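# Coordinate analysis (summary)
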Amino acid sequence: MTDLIYLDNGATSFPKPDIVHTFMFDFFKRFGVNPGRSGYDLCIETGEMVEETRKMLTDFFNGTDPNRLCFSYNSTDSLNLAINGMLEHGDHAVSTTIEHNSVLRPLYHLEKYSGVEVDFIPFDKKGFVDPDDIARKFKKNTKLVVVNHASNVIGTIQPIREIGERCRKHGIPFVADVSQSAGKIPVNMEEQNIDVVCFTGHKSLLGPTGIGGLCVREGINTRHTRAGGTGVRSAVRAHLDEYPYRMEYGTPNVLGISGLNAGVKWIMEKGMTNLFQHEKKLTEQLRNGLQKIGGVTMYYQDDLTDHISILLFNVDGMEALNTGTLLDVDHDIACRTGLHCAPRVHEQIGTAEIHGGVRFGIGPFNTEEHIKAAIEGVTEIAEMQRERKGVKYA
Ligand SMILES: Cc1ncc(COP(=O)(O)O)c(C=O)c1O
């Protein structure tokens with residue numbers, strides 16, 4: 001059996017840099033006690049790594065206060081904490097149709113059960129949301145704008161600085177879902193006018209699963225929607241208001257934080273721009289190769305300028321799921337098929353009726369050989385399909 005060619009980095013990055021495994025293992029073996037709960041050295045040293053990671057990520061997102069970098073399980077958790085902690089009965093929110101279910105579902109839930117009204121702005125024919133379309137929906141009771149920085153389906157990067165600018169002008173808090181962008185392209189809270197960044201650790205930040213977080217700008221407040229242990233001021237009945245406790249509940253995922261620490265350090269050492277340039281080059285090669293295959297439809301890939309390393313396509317007449325199975329079984333290529341937890345994107349581009357598309361997600365460890373193999377694999381599948389249907393291409 002040949003080695004698996006992993007092109008599912010949109011789902012999670014794999015493999016991780018070796019240093020992520022070794023650091024996690026060593027750290028957990030040597031420290032790994034419950035941080036912030038006691039005064040013995042081991043506890044303090046574990047806490048120091050947690051605080052170092054808080055500081056490192058705050059700098060990474062150009063936030064101002066490391067205490068406002070709160071750890072969670074993943075982006076879904078962070079987005080739930082932010083959305084539920086910022087909207088209440090009678091509020092209005094603006095979001096987009098390019099969102100992942102981790103934004104859509106909390107908003108639908110609030111629409112259904114909490115009297116919150118939401119407008120979802122469609123993206124244009126190139127895959128971008130117009131900041132003015134968002135601003136045109138602002139009303140007196142608009143209390144939140146939440147937008148996906150980079151699409152996990154079609155790869156387009158939204159103009160978040162301009163969206164944030166419109167929000168700032170109207171005093172409306174702006175939450176950015178940076179699940180696919182953080183670690184690939186700059187996420188800069190100051191320059192991009194972002195009030196809350198929601199991130200996940202296991203994708204392009206190269207950490208393990210089960211760790212994520214949110215960074216809340218000073219002056220913005222998120223209500224706590226849970227309550228529990230914080231390790232400090234245990235006699236107080238209410239959950240603590242000060243950050244990070246305000247958004248953190250119970251024992252933190254120390255192992256996950258250690259992996260995230262190593263992942264982000266690795267990215268900074270290699271240089272995020274260098275890593276992304278490598279991915280961009282491969283994305284372009286893959287796009288060019290797939291475009292030449294007769295009977296393959298690509299979606300929103302003509303211009304890769306404001307685009308992360310994600311490509312969506314279908315072999316005409318084939319269910320995406322079957323293309324994915326053939327890529328796996330016959331070619332040892334891992335990809336993701338279906339609706340990618342972002343059903344409204346597929347509704348808008350017309351792929352919902354055919355059960356979605358095939359997504360390739362390129363990561364820092366992919367090579368030109370992987371891209372060649374993917375092009376060959378799709379070529380073979382498309383040829384098979386043409387023979388089955390008796391279709392001839394020029
Ligand atoms: C754009 C986007 N937002 C949110 C998420 C949710 O991330 P997680 O599953 O880590 O919570 C994903 C994951 O695929 C995503 O691509």
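Residues numbered from 1 in each chain as written. Predicted model: local features only at pLDDT ≥ 70, side-chain atom pairs only at ≥ 80, totals over all residues. Heavy atoms only, no water.

## Quick look at the site of the ligand
Around the ligand, a shell composed of 13 residues is seen, among which Thr76, Asp177, Thr200, His202 and Lys203 lie nearest. Thr200 has a polar side-chain atom sitting 2.6 Å from an oxygen atom of the ligand. Isolated, the ligand exposes 390 Å² of accessible area, and the fraction of that covered by the protein chains is 89%. A breakdown of the residues in the shell around the ligand according to their chemical character gives no nonpolar, eleven polar and two charged. (Near = heavy atom within 4 Å. Polar contact = N/O pair within 3.5 Å; in protein donor to acceptor, adjacent residues only side chain to side chain. Areas by Shrake-Rupley, 256 points an atom, 1.4 Å probe, with all protein chains shown as cover. Nonpolar A, V, L, I, M, F, W, Y, C, P; charged D, E, K, R; others polar.)

## Observations regarding the pattern of salt bridges
Opposite charge on two side chains allows them to pair when their charged atoms are near. Taken as a whole, this structure holds 20 salt bridges when the rule is applied. Arg166 is the partner of Glu165 in a salt bridge, and the nearest nitrogen-oxygen pair spans 3.4 Å. Residue Glu165 is classed as partly exposed on the basis of its relative accessible area of 36%. Across the salt bridge formed by Arg168 and Asp195, the nearest N and O atoms sit 3.1 Å from each other. Taken together, the residues Arg168 in helix α6 (residues 160-170) and Asp195 in the loop between β6 (174-177) and β7 (196-200) connect sequence positions 27 residues apart. Judged by its relative accessible area of 3%, Asp195 falls in the buried class. Taken together, the shared-partner salt bridges connect Asp132, Arg161, Glu162, Glu165 and Arg166 into one network. (Salt bridge = Lys/Arg side-chain N within 4 Å of Asp/Glu carboxyl O. Buried < 20%, exposed > 50% of the residue type's maximum accessible area, 1.4 Å probe, protein only. Helix = DSSP H or I, 4+ residues; strand = E, 2+ residues; numbered from the N terminus.)

## Structural notes on the domain arrangement of the protein
As assigned here, the protein comprises domain 1 (5-14 + 271-389) and domain 2 (18-269). For domain 1 versus domain 2, the separation of C-alpha centres amounts to 28 Å. Between domain 1 and domain 2, the residue contacts involve 31 residues of the former and 37 residues of the latter. Taking both sides of the interface into account, the surface hidden between domain 1 and domain 2 amounts to around 2800 Å²; carbon and sulfur atoms contribute 61%. Broken down residue by residue, the surface that domain 1 buries against domain 2 is led by Met272, Ile308 and Arg344, which jointly contribute 24%. (Domains from an automatic or database assignment. Contact = heavy atoms within 4.5 Å. Buried area = accessible area lost by both parts, 1.4 Å probe.)

## Re a negative patch on the surface
On the surface, a cluster of negative charge is made up of Asp328, Asp330, Glu376, Glu380, Glu383 and Glu387. For the negative patch, the secondary-structure elements that each account for two or more residues are α9 (320-331) and α11 (368-389). Looking at which element gives the most residues to the negative patch, the answer is α11, with four residues. Here Asp330 lies in helix α9. (Patch = residues over 30% accessible without salt bridge, like charges linked within 9 Å, V, L, I, M, F, W, Y side chains within 5 Å. Lys, Arg positive; Asp, Glu negative; His and termini not counted. Charge placed at Lys NZ, Arg CZ, Asp CG, Glu CD.)

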